[in-house]
Amino acid sequence: MSTPKDPPLPQAIDRYEIRRLIGRGGMGEAFLAYDPLCQRQVAIKRIRQDLLSHPQIRARFLGEAHITCKLSHPSIIPIYTLHQSQEAIFYTMPFIEGETLKQTVKKAVLNAKKGASLESGPYSVQALMRIFLAICQASAYAHAQQIIHRDLKLENVIVGKYGEVFVLDWGLAQAWNQSEAETPEIKIHSPKYTTRIGKIVGTATYMAPERATGAKASPTTEVYALGVILYQLLTLKAPFPKQSLE
């Protein structure tokens, strides 16, 4: 059986010259690009072209952009520009060289297996706690703005090449006083990706028990997710390895 091929890389998106693909997921794709007007590298995130006409995906993508535009914190990547047309919906932001916190933890596990000390170096408890405090500070700031992320996890944190820490992917975020009427589940299939919109949003490993049974997301359920992240950074393993809500 032949493996489905990714769509060809665009040469340009609007004025931005595309350099390479950063990543592609169920709803969106991200590129490293060059902005000739500002003469700098940027990251571009846009809706996958095959899903551009899907109204709920457009609404969720724009919701992520609008919420991120409202947040200004050293550990939240700012949005430079937001572009919306019939042909494309995308936003630009700084390009951060680094790795996800999940990748950092994997390296810490390998480091520990080699018998390396956890008292010094980039994978020491002190270094990992510095990252954790930055996540907590970004969350506290968002909560002060009445915003909850709703999907805090290792994969949604990036550690920059120079020690910067950023909380990413605000696509599920919402104001905590907003009515949480989850949208009906929609399954979107393509040759390589499947995604679901609706039902209880979030990731099972990081989901508070009351959230998994249908309770509304809140700052308290977000503190639970932070607790799971703390557990992972201190023990280098997840508290509950199974991925199902049950």
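Residues numbered from 1 in each chain as written. Predicted model: local features only at pLDDT ≥ 70, side-chain atom pairs only at ≥ 80, totals over all residues. Heavy atoms only, no water.

J.: Is there a simple way to explain the sheet that holds strand S2 (residues 16–24) in this structure?
T.: A sheet is described by the order of its strands in space; here 6 strands give the open sequence S1-S2-S3-S4-S6-S5, paired in antiparallel fashion. Edge strands, defined here as strands with exactly one partner in the open sheet, are strand S1 (12–13) and strand S5 (81–84). The pairing of strand S3 (residues 28–35) with strand S4 (residues 40–47) spans 8 bridges and is classified as antiparallel. Residue pairing in the sheet places Asp35 in a bridge with Arg40 of S4. The sheet strands contacting helix H1 (residues 55–70) are S4, S5 and strand S6 (89–94), and the helix crosses S6 at an angle near 25 degrees. (Pairing = 2+ DSSP bridges. Helix = DSSP H or I, 4+ residues; strand = E, 2+ residues; numbered from the N terminus. Contact = heavy atoms within 4.5 Å. Axes fitted to C-alpha atoms, helices over the stretch in contact; angles between N-to-C directions.)

J.: It is not clear to me how helix H2 (residues 101–113) should be interpreted in this structure. Could you clarify?
T.: In an α-helix there are 3.6 residues to a turn, and that puts residues three or four apart on one side. If you check H2, its first and last C-alpha atoms are 18 Å apart, about what 13 residues at 1.5 Å a residue would give, namely 18 Å. Against the buried residues of H2 lie strand S7 (98–100), helix H3 (125–144), strand S9 (157–160) and helix H5 (219–235). In the stretch just after H2, Gly115 is the one whose phi turns positive, near 85 degrees. (Expected span 1.5 Å × (residues − 1).)

J.: Is there a simple way to explain unusual backbone geometry in this structure?
T.: Excluding glycine, residues mostly carry a negative phi; peptide bonds, for their part, are mostly trans. Phi angles above zero are rare outside glycine, and Gln39 is one such case at about 55 degrees. Tracing the backbone shows Gln39 in the loop between S3 and S4. Take Gln39: its relative accessible area is 62%, and that puts it in the exposed class. Phi is positive for Gln146, which is not a glycine, with a value near 65 degrees. Its relative accessible area of 32% is what places Gln146 among the partly exposed residues. (Buried < 20%, exposed > 50% of the residue type's maximum accessible area, 1.4 Å probe, protein only.)

J.: I tried to follow the sheet that holds S7 on my own but got confused; where do I start?
T.: Either a parallel or an antiparallel arrangement is found when strands of a sheet pair, and the pairing is made through backbone hydrogen bonds. Reading across from one edge, S7-S9-S10 is the order of the 3 strands in this open sheet, with antiparallel pairing throughout. Both edges of this open sheet fall to S7 and strand S10 (165–167), since each of them pairs with a single strand only. If you compare each strand with its neighbour and ignore which way they point, the axes differ by 25 degrees on average. One ladder, built from 3 bridges, connects S7 with S9; its direction is antiparallel. Bridging from a neighbouring strand, Glu99 pairs with Val159 of S9. Here H3 sits on the sheet in contact with S9 and S10, set at roughly 40 degrees to S10.

J.: Before we go on, may I ask you to explain the pairing of S4 in this structure?
T.: Most of S4 is tucked away, with 6 of its 8 residues classed as buried. In textbook terms, the turn of a hairpin is the stretch between consecutive antiparallel strands, and for S3 and S4 this stretch comprises 4 residues, one of which, Gln39, has a positive phi near 55 degrees. Where S4 lies against S6, 5 bridges are found, and the strand directions are antiparallel. Paired with Val42 across the strands is Pro94, a residue of S6.

J.: How should the packing of aromatic side chains be read in this particular structure?
T.: When we look at a pair of aromatic rings, we describe it by the centre distance and by the angle of the planes. Scanning the entire structure with this criterion turns up 2 aromatic pairs. Aromatic side chains Tyr16 and Phe90 sit 6.1 Å apart centroid to centroid with 85 degrees between the ring planes, which places their arrangement in the edge-to-face category. You can see Tyr16 sitting in strand S2 and its partner Phe90 sitting in strand S6, a full 74 residues away along the chain. Residue class for Tyr16 comes out buried when judged on its relative accessible area of 3%. Phe90 gets classed as buried once you look at its relative accessible area, which sits at 2%. Measuring from ring centre to ring centre gives 5.4 Å for Phe61 and Tyr91, while their planes differ by 35 degrees; the resulting arrangement is tilted. With a gap of 30 residues between them, Phe61 in helix H1 and Tyr91 in strand S6 connect regions that are remote in the sequence. Classification of Phe61 by relative accessible area gives buried; the value is 6%. On the basis of relative accessible area, Tyr91 is assigned to the buried category, the value being 3%. Cation over ring: Arg40 sits above Tyr80, and NZ or CZ is 3.8 Å from the ring centre. (Phe/Tyr/Trp six-rings, centres within 6.5 Å; stacked < 30°, edge-to-face > 60°. Lys NZ or Arg CZ within 6 Å of the ring centre and 35° of its normal.)

J.: How do you make sense of the nonpolar core when you look at a structure like this?
T.: Generally speaking, a soluble globular protein has its nonpolar side chains buried in company with each other. One finds Leu101, Ile135, Trp170 and Ile229 to be the most contacted residues of the largest nonpolar core, which totals 31 residues. Contributing elements (two or more residues each) for this core: H2, H3, S9, S10 and H5. Per-element tally for this core: the top contributor is H3, with 8 residues. (Core = buried A, V, L, I, M, F, W, Y, C linked by side-chain atoms within 4.5 Å.)

J.: In this structure, what is going on with the pattern of salt bridges? I would like to understand it.
T.: It is possible for side chains bearing opposite charge to pair when their charged atoms get close. Under the counting rule described, the total for this entry stands at 9 salt bridges. With a closest N to O distance of 3.5 Å, Glu17 and Arg19 form a salt bridge. The exposure class assigned to Glu17 is partly exposed, which follows from its relative accessible area of 31%. Two residues, Glu99 and Lys107, come together in a salt bridge whose shortest N-O distance is 2.8 Å. Via salt bridges that share partners, Arg24, Glu29 and Arg46 belong to a single interconnected network. (Salt bridge = Lys/Arg side-chain N within 4 Å of Asp/Glu carboxyl O.)

On their own, these measurements won't tell you what the molecule is for.
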